[in-house]
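# Secondary and tertiary structure notes
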Amino acid sequence: MNFLPRPIRTIVVAIAAAAIVLNFLCASFVIRLCLRACGWRRERIDLWSAHFLAAHSRAFCRLFRIQVRVKGNLAPLREVGSRFVVANHFGYVDVWVLSSLFPTLYVTSVEVEQTPLLGPVCTVAGCVFVERRRPTGVGEELGALQRALGSLTNLVIFPEGTSSDGSGVLPFKRSLFEAAIRANAPVQPICLRYTRINGQPVNRTTRDSVFYYGDMTFGAHFGRLLRVESIEVEVELLELIPPGHSAGRKELSETVRQRIVTAYGASPFPQVE
């Protein structure tokens, strides 16, 4: 669509994005109902949802011209089986990037569940919603994560608890790592690093077109994203942590975070304001 004037291209991308979302919502809702009626167990339905989300995420990556460069071996993540995947987080574009590479479910907050458009999409995608501000519900949420890890697909968490502005990796919330320990699941740390936007290095000036953080509203941010012409991102698969490697969730979370921090680097942006 390079031949189109920018305003027209933005409109075309917006219409195409709406069509992808509408197809995903309607098809997911109807097919999930049919699969339940056919007696499919929750685990099989979740596995199907992860693959369906992967197909639509690849469509989004093509539409927004997101070029993903992978460092590491993706093959194990594409096999049937569960891995507890941990990544740093910049916003909803991360979901398109990761799901375009391998089928997975996601853990996200109840705040996202209550967000217009994002909430329904996450619900039909099989996301596990957690309330990070209510410590008394941790036991119930860990049980939900353990069940998700038994669905024969991967489970991604963003343990920073929110998305960041890209200036570094935020501290991790430790409680959800307990699910990996209880489920005896291997832990796959992943470092996400956006490198170029519109052919230019990502910096403090350009990042707000892609990174969704702080008090940004979804509508305003998506409007900026529609005007982006290209995005380049690196996905680095770090050393796998096998089951039983860590003594507890504190040690496990610290090990994973240190690996991601080291891979991400301390000063990812040029000093451009």
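Attention in this report is confined to the structure presented alongside it. Bear in mind that the values here come from a model prediction, so they are computed numbers and not experimental data.

Time to look at the overall build of the protein chain. The helix and strand tally for the protein chain stands at 10 helices and 8 strands. Computed over C-alpha atoms, the radius of gyration of the protein chain comes to 18 Å, within 12% of the 19 Å expected from 2.2 N^0.38 for 273 residues, which places it in the range of a compact globule. On the principal axes, the C-alpha backbone points of the protein chain span a range of 55 × 50 × 35 Å. Counting over 273 residues, the protein chain shows a buried share of 50%. Taking contacts inside the protein chain between residues at least 6 apart in sequence as the whole, the part at least 24 apart equals 76%. Of the roughly 12,800 Å² of accessible surface on the protein chain, a fraction of 56% belongs to carbon and sulfur atoms. Between the averaged position of the 31 positive side-chain charges in the protein chain and that of its 22 negative side-chain charges there is a distance of 4 Å.

Under the criterion given, the structure shown has 7 salt bridges. Notably, a salt bridge pairs Arg182 with Glu178, separated by 3.5 Å at the nearest N-O pair. Linking Arg182 with Glu178, this pair stays in helix H8 (residues 177-183), spanning 4 residues, or about one helical turn. Asp208 is paired through a salt bridge with Arg207; the nearest N and O atoms lie 3.9 Å apart. Given a relative accessible area of 26%, Asp208 falls into the partly exposed group. Given a relative accessible area of 10%, Arg207 falls into the buried group. Where salt bridges share partners, they join Asp165, Arg207 and Asp208 into one cluster.

Volume-wise, the largest pocket comes out at about 990 Å³. Lining of the largest pocket is provided by 40 residues; of these, Tyr92, Thr108, Val112, Leu118 and Tyr212 occupy positions nearest its centre. Only helix H1 (6-37), helix H2 (42-63), helix H4 (93-99), strand S3 (104-109), helix H5 (110-113), helix H6 (118-124) and helix H9 (218-226) provide two or more residues apiece to the lining of the largest pocket. With 5 residues, H1 is the largest single contributor of residues to the lining of the largest pocket.

To continue, consider the packing of aromatic side chains. This structure, assessed with the given rule, holds 19 aromatic pairs. With a centroid separation of 6.2 Å and an interplanar angle of 20°, the aromatic rings of Phe172 and Phe177 are classed as stacked. As far as the burial class goes, Phe172 and Phe177 line up, both buried. An aromatic cluster of three or more residues is present, and its members are Phe60, Phe64, Tyr92, Trp96, Tyr212, Phe218 and Phe222. If you follow Arg193 out to its NZ or CZ, it ends over the ring of Tyr264, 5.4 Å from the centre.

On the surface, Phe29, Val30 and Leu33 cluster together into a nonpolar patch covering about 290 Å² of accessible area. Mapped onto the fold, Leu33 is located in helix H1.

One non-glycine residue with positive phi stands out, namely Arg65, at about 50°. Its location among the elements puts Arg65 in the loop between H2 and strand S1 (66-71).

Here we come to the pairing of strand S2 (residues 84-87). Here S2 shows two buried faces, one formed by Phe84 and Val86 and the other by Val85 and Ala87. Bridge count for S2 against strand S5 (residues 154-157) is 3 bridges, and the pairing is parallel. Each residue of the ladder has a partner; that of Phe84, found in S5, is Leu155.

What counts, and where the lines are drawn
Residues numbered from 1 in each chain as written. Predicted model: local features only at pLDDT ≥ 70, side-chain atom pairs only at ≥ 80, totals over all residues. Heavy atoms only, no water. Helix = DSSP H or I, 4+ residues; strand = E, 2+ residues; numbered from the N terminus. Rg over C-alpha atoms; globule rule 2.2 N^0.38 Å. Buried < 20%, exposed > 50% of the residue type's maximum accessible area, 1.4 Å probe, protein only. Contact = heavy atoms within 4.5 Å. Areas by Shrake-Rupley, 256 points an atom, 1.4 Å probe, with all protein chains shown as cover. Lys, Arg positive; Asp, Glu negative; His and termini not counted. Charge placed at Lys NZ, Arg CZ, Asp CG, Glu CD. Salt bridge = Lys/Arg side-chain N within 4 Å of Asp/Glu carboxyl O. 1 Å grid on protein atoms, 1.4 Å probe; cavity = no way out; pocket = protein on both sides within 12 Å on 5 of 7 lines; lining within 4 Å. Points joined across faces, edges and corners; volume = space filled by probe spheres on them. Phe/Tyr/Trp six-rings, centres within 6.5 Å; stacked < 30°, edge-to-face > 60°. Lys NZ or Arg CZ within 6 Å of the ring centre and 35° of its normal. Patch = residues over 30% accessible without salt bridge, like charges linked within 9 Å, V, L, I, M, F, W, Y side chains within 5 Å. Pairing = 2+ DSSP bridges.

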